[in-house]
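Structural description and commentary
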Amino acid sequence: MLANVKRAMAITVHLNRLTFDDADEVRALFSDLIGKQVDDSFLLIPPFYTTGGADITIGRNVFVNQNCTFYDLGGLDIADDVMIGPNVSLITSGHPLEPSRRRAFTIAKPIAIERNVWIGAGATIIGGVTVGENSVVAAGSVVTKNVPPNSLVGGNPAKVIRSIAK
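As a starting point, this report considers the structure included with it.

This brings us to the packing of aromatic side chains. Summed over all chains, the structure comprises 3 aromatic pairs. For the pair Phe 48 and Phe 70, a centre-to-centre distance of 4.9 Å together with 85° between the ring planes defines the contact as edge-to-face. Of the two residues, Phe 48 is situated in strand 2 (residues 48-50) and Phe 70 in strand 5 (residues 68-71); the sequence distance between them amounts to 22 residues. One exposure class covers both Phe 48 and Phe 70, and it is buried. Joined through ring pairs, the aromatic side chains of Phe 30, Phe 42, Phe 48 and Phe 70 make up one cluster.

The structure is reproduced here in structure tokens:
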């Protein structure tokens, strides 16, 4: 794990020196980071932070705005047509609650972001969560439970506000 973190930090240092105008170079470095070629429709605006990269899967036509953090140890699957606002954190790992065990190990659970989801600025999504197709996560929300498809969720912890028409 430590080797993956060091590798990711080395790649993101170079990635974070790039700008919006360097989209091809950003795609090339991000592909190297995750170990898979991203589609030409993928757009990420640096800076970007991650713990590893190898456990990230990205679909087509995905937009990631600046200053996002993807802790991907538990696995992070982002489907096609997803929009991720600035300052979003996708956190798949954490520690046990018990003080005597917190430093002993890390707990990791996957996050799945299904097709056509929009995650608003400053939202945080915790490991073990699936955000259903066509849903919207309101800005500043903390998502700790699955989001049904075609839903608007918001708050801390995030709750369903209403259904979204297809």
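Time to look at the environment of Thr 144. When you line up the elements, Thr 144 lands in the loop between strand 16 (142-143) and strand 17 (151-155). Taking the relative accessible area as the measure of exposure, Thr 144 reaches 40% and is therefore partly exposed. Residues Thr 144 and Pro 157 lie 13 residues apart in sequence; the distance between their C-alpha atoms is 6.5 Å. The residues touching Thr 144, leaving out its near neighbours within four places in the chain, are Ile 126, Val 129 and Pro 157.

Another aspect to go through is the pattern of salt bridges. Tallying each qualifying case throughout the model produces 6 salt bridges. Note that Arg 27 and Asp 24 form a salt bridge whose closest N and O atoms lie 2.6 Å from each other. Linking Arg 27 with Asp 24, this pair stays in helix 2 (residues 23-34), spanning 3 residues, or about one helical turn. A residue is classified by how much of its surface remains accessible, and Arg 27, at 13% relative accessible area, is buried. Taking relative accessible area as the criterion, Asp 24 reaches 58% and is therefore assigned exposed. Salt bridges linked by common partners bring Asp 81, Arg 115 and Glu 133 together as one network.

Next up on the list: the sheet that holds strand 4 (residues 63-64). Strand order in this open sheet of 7 strands is 1-4-7-12-15-17-18, and the pairing throughout is mixed. Edge positions in the sheet fall to strand 1 (43-44) and strand 18 (158-163), since each of these pairs with one other strand and no more. Alignment of strand 12 (residues 118-119) against strand 15 (residues 136-137), held across 2 bridges, turns out to be parallel. Within strand 15, the position partnered with Ile 119 by the bridge is Val 137.

All right, on to the packing of helix 1 (residues 2-15) against helix 2 then. The angle between the axes and the distance between the axes are what describe a pair of packed helices. At a minimum axis separation of 10 Å, helix 1 and helix 2 run at an interaxial angle of 175°. For the element pair helix 1 / helix 2, the angle class is roughly antiparallel. In contact with Arg 7, Ala 8, Ile 11, Thr 12, His 14 and Leu 15 of helix 1, helix 2 contributes Val 26, Leu 29, Phe 30, Asp 32 and Leu 33. Taken together, the residues of the contact of helix 1 with helix 2 break down into 7 nonpolar, 2 polar and 2 charged.

One open sheet holds the 5 strands; their spatial order is 2-5-8-13-16, and the pairing between them is parallel. The open sheet has two free edges, formed respectively by strand 2 and strand 16, since each of these has just one partner strand. Pairing analysis gives 3 bridges linking strand 2 to strand 5, with the strands arranged parallel. Bridge pairing in strand 5 links Phe 48 to Cys 68.

Scoring rules and cut-offs
Residues numbered from 1 in each chain as written. Predicted model: local features only at pLDDT ≥ 70, side-chain atom pairs only at ≥ 80, totals over all residues. Heavy atoms only, no water. Phe/Tyr/Trp six-rings, centres within 6.5 Å; stacked < 30°, edge-to-face > 60°. Helix = DSSP H or I, 4+ residues; strand = E, 2+ residues; numbered from the N terminus. Buried < 20%, exposed > 50% of the residue type's maximum accessible area, 1.4 Å probe, protein only. Contact = heavy atoms within 4.5 Å. Salt bridge = Lys/Arg side-chain N within 4 Å of Asp/Glu carboxyl O. Pairing = 2+ DSSP bridges. Axes fitted to C-alpha atoms, helices over the stretch in contact; angles between N-to-C directions. Parallel < 35°, antiparallel > 145°, perpendicular 65-115°, else oblique. Nonpolar A, V, L, I, M, F, W, Y, C, P; charged D, E, K, R; others polar.

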